[in-house]
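# Structural features, examined
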Amino acid sequence: MTDSAHTEKAARHRRRMQRKKEVVDAAIARADQEKGLLLVLTGNGKGKSSSAFGMIARALGYGMRVGVAQFIKGRSDTGEEAFFRRHENVDWHVLGEGFTWDTQNLERDTETARQGWAIVQNMLRDPGIDLIVLDELTYPLTYRWLDVDRVLEDLKNRPSMQHVVITGRAAPDALCEVADTVTEMRDVKHAFRSGIRAQKGIDL
């Protein structure tokens, strides 16, 4: 490439970046609201809970208080729980008794979910909790163990600057409609389908 061609390429790049910066700066200027966000992480792909736990780390970096409620999952030996439970600003609740194919008891699963939601309601009323992660909440909603309208009403009435992150597959449309941000994880390929067990530090 000649010097003149290189100079022209650099100039075109600079003009593109200048135009992009103007667009980004204008969008930032328009975003003048502050509020507690409701985020939904759904889809069949891996990484929904991991993304939520990443937000916990981010919040703790700012000195925020965090509440975690894990539905469905009944185990207490995951790496994220072992790490975050040691932090004084984290209130962690394992509310499930295992996956539905393990429990095989509809009435018990329903009652467990309702007892868990009572704990969540207390967190949603506490303005001192800045971020709440409701891990795998979509399943109790999809299975109708919890009333969607009741859950949405409780979320609506939470403190104005309290953030909530909900994870799980097949998030109900009603939940996605009221959410501020919805991200769908897509499953392209997964090691488990090749016979590889869940790995510590990666999957649990």
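That block above? That's the structure.
In what follows, the accompanying structure is described. All figures in this text were calculated on a predicted structure; none of them were measured in a lab. (Residues numbered from 1 in each chain as written. Predicted model: local features only at pLDDT ≥ 70, side-chain atom pairs only at ≥ 80, totals over all residues. Heavy atoms only, no water.)

### Re unusual backbone geometry
Selection criterion: Per the convention used, a helix needs a DSSP run of H or I reaching at least four residues, while a strand needs a run of E reaching at least two, with both numbered from the N terminus. The buried label applies to any residue whose accessible area, calculated with a 1.4 Å probe on protein chains only, is under 20% of its type's maximum; exposed applies above 50%, and partly exposed to all values in between.
The backbone of R144 shows a phi angle near 65°, a positive value even though the residue is not glycine. Relative to the helices and strands, R144 resides in the loop between α6 (138–142) and α7 (148–156). Given a relative accessible area of 71%, R144 falls into the exposed group. Look at A170: it is not a glycine, yet its phi comes out positive at around 50°. Note that A170 resides in the loop between β5 (163–167) and α8 (173–178). In this structure A170 comes out as exposed when scored by relative accessible area, which is 53%.

### Description of the sheet that holds strand β2 (residues 66–70)
Using the following cut-off: Here, a strand pair is defined by DSSP locating no fewer than two bridges between the strands. Between the N-to-C directions of two axes lies an angle of 0 to 180 degrees, each axis being a line fitted to C-alpha atoms and, for a helix, fitted only over the stretch in contact.
Strand order in the open sheet made by the six strands is β3-β2-β4-β5-β1-β6, with parallel pairing throughout. The strands lining the two open edges of the sheet, one partner per strand, are β3 (90–94) and β6 (181–185). Taking the axes of each pair of neighbouring strands and ignoring which way they run, one obtains an average angle of 10° across the sheet. With four bridges connecting them, strand β1 (residues 38–43) and β5 associate as parallel partners. Residue pairing in the sheet places L41 in a bridge with T167 of β5.

### Focus: the packing of aromatic side chains
Threshold: A pair of aromatic rings is counted whenever rings of Phe, Tyr or Trp (Trp by its six-membered ring) have centres within 6.5 Å, and the orientation is called stacked for planes under 30 degrees apart, edge-to-face for over 60 and tilted otherwise.
Per the counting criterion, the structure on display carries five aromatic pairs. Aromatic side chains Y143 and W145 sit 5.1 Å apart centroid to centroid with 50° between the ring planes, which places their arrangement in the tilted category. Ring pairing ties together the aromatic residues F53, F83, F84 and W92, which thus form one cluster.

### So, α7
Defined as follows: The directions from the helix axis to the C-beta atoms form the arc being described. Any two residues having at least one pair of non-hydrogen atoms within 4.5 Å are treated as being in contact.
Residues of α7 that are buried include every one of V151, L152, D154 and L155, and no others. Projected down its long axis, α7 carries its buried residues within an arc of 160°, all on one side. The exposed set on the far side of α7, more than 90 degrees from its buried face, consists of D149 and K156. Here the buried face of α7 lies against β1, α5 (106–124), β4 (131–135), α6, β5 and α8.

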